[in-house]
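A look at the structure
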Amino acid sequence: MSQSNKELRHLILQTPSKEEHKITVHDGDVAILAKDLAQIKLRGFTKDGKEVEKQVTSFDPGFMNTACCESTITYIDGDKGILRYRGYPIEQLAERSNFLEVAYLLIYGELPTATQLDTWKERIMSHTYIHVTLMDYMKSFRYDAHPMSMFIATMAAMSTEYPESNPTLTRRDLFEFDFRARNQQIFRILGKAPTIAACAYRHRIGRPYNYPTESFRGYSYTENFLYMLDRLSESDYRPSPAIAKALDVLFIVHADHELNCSTAAMRHLTSTRVDPYTAVAGAAGALYGPLHGGASEAVVRMLEEIGSVDRIDEFLEGVKSKTRRLMGFGHRIYKNYDPRAKILKEYAEKVFAEVGRDPLVDIAVELERRAIQDEYFVSRKLYPNVDFYSGIIYRACGFPLDMYPLLFALPRIAGWLAHWYESLREEKSAAKASIPGATHVMRARQTYVGDIDKSFPTEEERNSKQSITIDALKTYHSNLSKRRKGPHKELA
Ligand SMILES: CC(C)(COP(=O)(O)OP(=O)(O)OC[C@H]1O[C@@H](n2cnc3c(N)ncnc32)[C@H](O)[C@@H]1OP(=O)(O)O)[C@@H](O)C(=O)NCCC(=O)NCCS
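Keep in mind it's a predicted model, so treat the numbers as computed, not measured. (Residues numbered from 1 in each chain as written. Predicted model: local features only at pLDDT ≥ 70, side-chain atom pairs only at ≥ 80, totals over all residues. Heavy atoms only, no water.)

1. Overview of the overall build of the protein chain
Each helix and strand in the protein chain was counted, giving 22 helices and 8 strands. Considered along the principal axes of its C-alpha atoms, the protein chain spans approximately 85 × 80 × 60 Å. Of all intrachain contacts in the protein chain linking residues separated by at least 6 positions in sequence, the fraction that spans at least 24 positions is 68%. Accessible surface for the protein chain amounts to roughly 27,300 Å². Of this, 52% is attributable to carbon and sulfur atoms. (Helix = DSSP H or I, 4+ residues; strand = E, 2+ residues; numbered from the N terminus. Contact = heavy atoms within 4.5 Å. Areas by Shrake-Rupley, 256 points an atom, 1.4 Å probe, with all protein chains shown as cover.)

2. Focus on the sheet that holds strand E2 (residues 20-26)
Taken together, 3 strands build an open sheet; the order of strands is E1-E2-E3 and the sheet is antiparallel. Of all the strands in the sheet, the pair left with one neighbour each is strand E1 (10-14) and strand E3 (31-32). For E1 and E2, the ladder comprises 5 bridges, and the chain directions are antiparallel. Looking across to E2, one finds that Gln14 is bridged to Glu20. (Pairing = 2+ DSSP bridges.)

3. Structural notes on a nonpolar patch on the surface
Judged by side-chain polarity, Ile468, Ile470 and Leu473 come together as a nonpolar surface patch covering roughly 330 Å² of accessible area. By the secondary structure assignment, Leu473 is in helix H21 (residues 470-473). (Patch = residues over 30% accessible without salt bridge, like charges linked within 9 Å, V, L, I, M, F, W, Y side chains within 5 Å. Salt bridge = Lys/Arg side-chain N within 4 Å of Asp/Glu carboxyl O.)

4. Thoughts on the packing of aromatic side chains
As enumerated under the stated definition, the model contains 20 aromatic pairs in all. Between Phe225 and Phe251, the aromatic rings sit 6.4 Å apart at their centres with planes inclined by 40°, giving tilted as the arrangement. One end of the pair, Phe225, is in helix H8 (residues 221-230); the other, Phe251, is in helix H9 (residues 241-254), and 26 residues separate them in sequence. Exposure remark for Phe225: the relative accessible area of 1% places this residue in the buried category. Exposure remark for Phe251: the relative accessible area of 1% places this residue in the buried category. Clustering of aromatic rings is evident, with ring pairs tying together Tyr104, Tyr108, Trp120, Phe187 and Tyr421. Over the aromatic face of Tyr421 sits the side chain of Arg182, whose NZ or CZ is 4.7 Å from the ring centroid. The ring of Tyr347 carries the charged tip of Lys350 above its face, separated from the ring centre by 4.5 Å. (Phe/Tyr/Trp six-rings, centres within 6.5 Å; stacked < 30°, edge-to-face > 60°. Buried < 20%, exposed > 50% of the residue type's maximum accessible area, 1.4 Å probe, protein only. Lys NZ or Arg CZ within 6 Å of the ring centre and 35° of its normal.)

5. A few points about the confidence of the model for the protein chain
In the predicted model, the protein chain carries a mean pLDDT of 89, and the fraction of residues at 70 or more is 92%. Note that pLDDT drops below 50 for residues 1-6; the model gives that stretch 8 contacts with residues more than four away or on any other chain. (pLDDT = per-residue confidence, 0-100.)

6. Digging into the UniProt feature "active site" (unreviewed entry) in the protein chain
In this numbering, the UniProt entry assigns the feature "active site" (unreviewed entry) to His331 and Asp387. On the basis of their most widely separated C-alpha atoms, the annotated residues across 57 residues gather in one place, lying no more than 10.5 Å apart. Summarising the element assignment, His331 is placed in the loop between helix H13 (312-320) and helix H14 (339-355). Residue class for His331 comes out partly exposed when judged on its relative accessible area of 24%. The residues contacting His331, other than those within four sequence positions of it, are His257, Arg340 and Asn385. Looking at His331, its side chain comes within polar contact range of the main-chain nitrogen of Ile333, at 2.9 Å. (UniProt positions renumbered as here; feature names shortened; annotations may be inferred. Polar contact = N/O pair within 3.5 Å; in protein donor to acceptor, adjacent residues only side chain to side chain.)

7. A few points about unusual backbone geometry
Of note, the phi angle at Phe63 is positive, near 45°, even though the residue is not glycine. Even without glycine at this site, Lys381 takes up a positive phi of about 55°. Along the chain, the position of Lys381 falls in the loop between helix H16 (375-379) and helix H17 (387-396). With a relative accessible area of 45%, Lys381 lands in the partly exposed category.

8. Focus: the site of the ligand
Around the ligand, a shell composed of 17 residues is seen, among which Lys322, Arg325, Leu326, Gly328 and Tyr376 lie nearest. In the model, an oxygen atom of the ligand is placed 2.7 Å from a nitrogen or oxygen of the Lys322 side chain. The side chain of Arg380 places a nitrogen or oxygen atom 3.0 Å from an oxygen atom of the ligand. In isolation the ligand exposes 870 Å². Once the protein is present, 66% of that is buried. Across the shell around the ligand, the residue classes break down as 7 nonpolar, 4 polar and 6 charged. (Near = heavy atom within 4 Å. Nonpolar A, V, L, I, M, F, W, Y, C, P; charged D, E, K, R; others polar.)

Structural data, given as structure tokens:
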């Protein structure tokens, strides 16, 4: 397949029995339409000898090689280590832009003019207050509730505040035709998400929630967030500009990363036309998993465990003998240095100049230096990813470990909303409607490998084979339940 996409229109697929099928090559990346595979029918025999004919489907657990949408938001070339938002290199955006501007770029496709940026910022920053019932709801969580769980639950609860903006309760195509309604949800979500995150943090540390700053014109998005996290009784509290800038850069590099697991979840949920609060809560749920948003925390734990530069070789031996994994290294898409890791490595030094050098960084830099020269990592194309340095910056800034997934989720909301917005445009576009499935609810296929035809068993038949042992159905009880376990004996 060396021709350009424009030259290649069809592939001819030949089955072992020499039947030929014309498979359409889709514009964009070289991709075939999976639906075309259904025209190929394969004949075979079941275990009991019946002849069957079945349509071919593609089988791709883990989505290793399946595209599920067209997108113009983020471009990644994993072999060359390139990341661009709407065509702009991530390095230039991190150096010359700011998070709110980048969020605008991701959602609307262009960098804003000065007037657009002013209005955009004003709209978002005047939607930072959350309803008092949501604050009460957050106060009802356990004292030690994980901030990310509180965030997910409160974001989902936000949908109850805006029934008029809920397609389930109004009209299914509410957002497809009413761009004002669409934008209003974007302002609300981007405006209120940092407030919810800050309340979750304050809850966790046992301090009263702060309201957003009233003088928002003088505060950036990240400054307002830091203000809500850290203000005590000062009436004029001002966060450190260096930390606010570092957080802004962290927010830019985390804002989107095409169809990663949480963004795919966002697309999946929004294909049902569910309201965007519920969809963002669902996407955040995917990000909370240790294999997605948990790696930066794992890096810090790993560096703490290594403890000193002279223990690096011993650790690397463990990695190479596969008893350990070098966290923050390797990536499904990048087979080169992750460009975000390069940016953050430089930024770490700027943060240390403000807050003092974190001793873990010396271990990290030396660990990276030795790993990228080692045959094990070179041959497998394993390089530092974004999480290798982000955790160290969070730690140096004094964020507790359980805030790390939330610090990742907050900026990623811009990416999720960009994909929401794009999928709504797809819905409207007549051109896109010609792509099979583009406007449909996302519904994966499975290959069924279980029993097909069974009769309800008699009691004797059922009792004769027990597949799950009774022990497996028992659960563990807290000490409280153990204390309550009877029958109680009389004291002698
Ligand atoms: C991100 C990650 C899941 C990508 O996995 P993947 O693309 O499916 O790659 P694989 O797991 O197939 O790994 C390919 C090979 O590299 C090895 N490898 C991958 N990442 C490794 C790591 N971090 N440390 C040590 N070995 C690693 C695998 O053991 C495998 O070796 P093998 O060919 O001898 O079996 C994986 O690199 C990883 O677990 N990294 C650490 C966690 C992390 O930083 N996650 C954040 C990602 S942004």
